[in-house]
Amino acid sequence: MTKINRGLGLLLGALLATAAWSSYAADVTQLKKDAAKWVDSNTKTLEAANRKIWTYAEVGLEEHKSSKELQDLLKANGFKVQAGVAGMPTAFVATFGEGGPVVGILAEFDALLGVSQSDSPTASVGANLESGHACGHSIFGVGSVGAAIAVKQLIASGAVRGTIKLYGTPAEETGIGKVYMLRDGMFKNDDAILHWHAGDKNQVSYSSSKALINAKFHFKGVAAHASAAPSSGRSALDAVELMSVGVQYMREHIKQEARIHSVITKGGGQPNVVPQEAETWYYVRANNFDDAYLYFNWVREIAESAAKMTKTELDAVTIQSETHDMLGNRPLAEALQRNFAMLGQPQWTAAELAFAATTQREFKDPFGFDYTKAGISLSSNLEPLRDDFEPAGQASTDVADISWFVPVGGIRVASHGYGLPMHSWPVVAATGTTIGTKALATASKVLAATAIDLYTDPKLLDAAKADFKKVRVPLTWRTAIPEGQMAPKSVR
Ligand SMILES: [Zn+2]
């Protein structure tokens with residue numbers, strides 16, 4: 001091309017692009033309505049998928065049927081699916097479209113161990129304590145897939161240009177899926193990432209989460225007859241118990257926002273055999289990664305000391321995963337808030353309100369707190385977007401790790417009784433009913449609408465990237481996971 005021709009070509013290209021963007025501007029609201037219409041016409045399909053995944057209640061890295069359910073839905077709608085990514089059989093990436101902008105939507109689908117699985121609104125404690133969807137990840141997965149397919153319709157019809165990616169991210173409850181997908185290079189080249197979560201409010205997330213280090217400590221002792229020859233044995237369980245005592249004393253001298261909790265995963269076979277093997281599993285959390293890492297190393301020293309005190313061996317400390325504190329993105333939060341306000345919040349039937357009110361009454365708080373006191377059984381209002389980023393979170397999520405590499409925005413949608421704690425049976429119960437269906441459909445619409453903004457408004461994408469830089473540049477990324485380590489095979 002000659003200089004003049006190239007100049008003309010560039011001018012023509014710019015004019016065409018401007019024409020495309022301005023034609024978008026007029027139609028964007030209609031595009032969002034079209035996406036919402038797709039969700040409304042396909043709610044039954046999404047509801048059936050949720051009910052299946054909710055019933056499977058598969059825990060992290062075992063979500064074979066749940067992952068397949070979502071993959072099948074995406075394939076049936078024309079997505080190209082790459083399964084078993086980042087060394088995890090249940091992780092996948094589904095893609096549709098080509099070129100930029102590239103918008104990623106996150107889906108989770110793992111259940112929790114040790115909670116009951118029932119859709120009864122009365123206390124179901126003791127029913128089946130194997131596993132349940134007490135964090136609402138069955139609706140999380142399906143709602144996100146709904147958003148991705150709604151967006152795909154618009155890309156397929158030529159109404160918007162770009163690529164939509166749906167990430168199937170397993171084992172969120174142990175902070176594993178996204179962490180190892182990120183280490184495998186995923187997410188980093190996308191322009192923006194959207195996600196959502198079950199909650200008791202309708203709210204745009206503009207707050208941080210706790211950094212977490214997830215590690216198992218394995219002790220080795222010597223087995224012997226506990227009564228006839230105790231002096232010949234060394235108890236690995238004693239080391240686990242002393243480690244626990246040490247950590248209780250440590251608690252007094254750490255920042256009050258830090259959290260440390262554990263379960264004993266191996267404690268010996270029977271009382272008359274000195275336990276040769278014992279293992280304890282710790283989550284060490286703090287408001288930022290550096291503090292979490294400092295406390296984790298303190299816990300490790302306590303474990304080493306417990307081994308010395310009991311003449312046993314601390315033969316393995318396995319950092320299974322870690323999560324960082326979440327970084328906020330103001331332009332994405334504002335776009336989500338606008339769309340959430342425009343598309344509306346779930347509206348509940350009398351039966352749904354009564355169901356949630358029953359769970360509020362039946363959930364027995366140990367301190368007698370009355371969950372019905374607020375007079376709201378299910379929220380149908382949109383909370384205002386907070387002015388400033390809330391720097392301290394209560395829980396942790398591996399979504400946060402992605403927020404260190406790409407602009408990330410997310411929402412919470414009311415999907416269970418107001419005020420009730422996550423990881424409890426009332427969350428399981430509501431998630432499996434039409435309350436969960438309404439929440440996931442709302443999430444599908446709001447995420448799809450915000451993706452549409454990202455495809456059609458280059459200023460929004462630029463602003464999101466500028467805000468990401470401003471927040472991220474002063475920070476240093478550190479990781480406690482050894483270089484080259486692959487994802488664990490199991491979370492149990
Ligand atoms: Zn969750």
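A quick note: this is a predicted structure, and the numbers were derived from the prediction, not measured.

Caption draft 1: Layout of the overall build of the protein chain. Check the secondary structure of the protein chain and you find 13 helices and 13 strands. Its C-alpha atoms give the protein chain a radius of gyration of 25 Å, within 12% of the compact-globule value 23 Å for 492 residues. Expressed as lengths along the three principal axes of its C-alpha atoms, the size of the protein chain is roughly 95 × 60 × 40 Å. For the protein chain, buried positions account for 50% of its 492 residues. When contacts within the protein chain are restricted to residue pairs at least 6 apart in sequence, long-range pairs at least 24 apart make up 82% of them.

Caption draft 2: Fine view of the pairing of strand β6 (residues 163-168). Burial runs high along β6: five of the six residues are buried. As judged from the six bridges shared by strand β2 (residues 92-97) and β6, these two strands associate in the antiparallel manner. Note on β6: the bridge partner recorded for Val 93 is Tyr 167. One ladder, built from six bridges, connects strand β3 (residues 102-107) with β6; its direction is parallel. Across the sheet, residue Gly 104 finds its bridge partner in β6, namely Lys 165.

Caption draft 3: Representation of the domain arrangement of the protein chain in the model. Domain boundaries in the protein chain define domain 1 (25-209 + 325-472) and domain 2 (211-323). Between the C-alpha centres of domain 1 and domain 2 there is a distance of 35 Å. Contact with domain 1, which involves eleven residues of that partner, is made by twelve residues of domain 2. Split by residue class, the side of domain 1 that touches domain 2 holds four nonpolar, four polar and three charged.

Caption draft 4: Main features of the nonpolar core. Among the nonpolar cores identified, the biggest contains 105 residues, and Ala 35, Val 151, Leu 166, Ala 451 and Ile 452 are the most heavily contacted of them. Ranked by the residues each element gives to this core, the list is headed by helix α12 (residues 434-456), at 13 residues. Filtering out sequence-adjacent residues up to four positions away, Ala 451 remains in contact with Val 103, Ala 147, Val 151, Ile 164 and Leu 194. Residues Phe 219, Val 240, Tyr 282 and Ala 306 belong to the second largest nonpolar core, which totals 28 residues.

Caption draft 5: Looking closely at the sheet that holds β6. Here seven strands make up an open sheet; going across it, the order is β1-β2-β6-β3-β7-β13-β8 and the pairing mixed. Edge strands, defined here as strands with exactly one partner in the open sheet, are β1 (80-83) and β8 (203-205). Taking the axes of each pair of neighbouring strands and ignoring which way they run, one obtains an average angle of 20° across the sheet. Relative to strand β13 (residues 408-414), β8 runs antiparallel, the two sharing three bridges. Looking at β13, one finds that Gln 203 is bridged to Arg 412.

Caption draft 6: Representation of the sheet that holds strand β9 (residues 211-220) in the model. Read across the sheet, four strands follow the order β10-β11-β9-β12 without closing on themselves; strand pairing throughout is antiparallel. Edge positions in the open sheet fall to β10 (259-266) and β12 (313-323), since each of these has one partner strand only. Looking at each pair of strands side by side, their axes are set apart by 20° on average, direction ignored. Both β9 and strand β11 (residues 277-286) contribute to a ladder of ten bridges, which runs antiparallel. Bridged to His 218 within β11 is Glu 279.

Caption draft 7: Looking closely at the pairing of β2. The buried fraction of β2 amounts to five of the six residues, a majority that puts the element mostly inside the structure. Pairing between β1 and β2: four bridges, direction antiparallel. What sits directly across from Gln 82, in β2, is Val 93.

Caption draft 8: Region of the structure containing unusual backbone geometry. Put simply, Gly 100 and Pro 101 share a cis peptide bond, and its omega is -10°. We note that Phe 187 has phi near 75°; this positive angle belongs to a residue other than glycine. The residue Phe 187 is located in the loop between α5 (177-183) and β7 (192-199) in this model. Unlike most non-glycine residues, His 423 shows phi in positive territory, near 60°. Tracing the backbone shows His 423 in the loop between β13 and α11 (425-431). Look at His 423 and you get partly exposed, because 14 C-beta atoms sit within 10 Å.

Caption draft 9: Seen up close, the environment of Asp 110. You can see Asp 110 is positioned in the loop between β3 and β4 (112-113). By the C-beta count within 10 Å, which is 32 here, Asp 110 ends up buried. Put simply, Asp 110 and Ala 159 are 49 residues apart on the chain and 34 Å apart in space, counted from C-alpha to C-alpha.

The rules behind the values
Residues numbered from 1 in each chain as written. Predicted model: local features only at pLDDT ≥ 70, side-chain atom pairs only at ≥ 80, totals over all residues. Helix = DSSP H or I, 4+ residues; strand = E, 2+ residues; numbered from the N terminus. Rg over C-alpha atoms; globule rule 2.2 N^0.38 Å. Buried ≥ 20, exposed ≤ 12 C-beta atoms within 10 Å, placed from the backbone. Contact = placed C-beta atoms within 7 Å. Pairing = 2+ DSSP bridges. Domains from an automatic or database assignment. Nonpolar A, V, L, I, M, F, W, Y, C, P; charged D, E, K, R; others polar. Core = buried A, V, L, I, M, F, W, Y, C linked by C-beta atoms within 7 Å. Axes fitted to C-alpha atoms, helices over the stretch in contact; angles between N-to-C directions.

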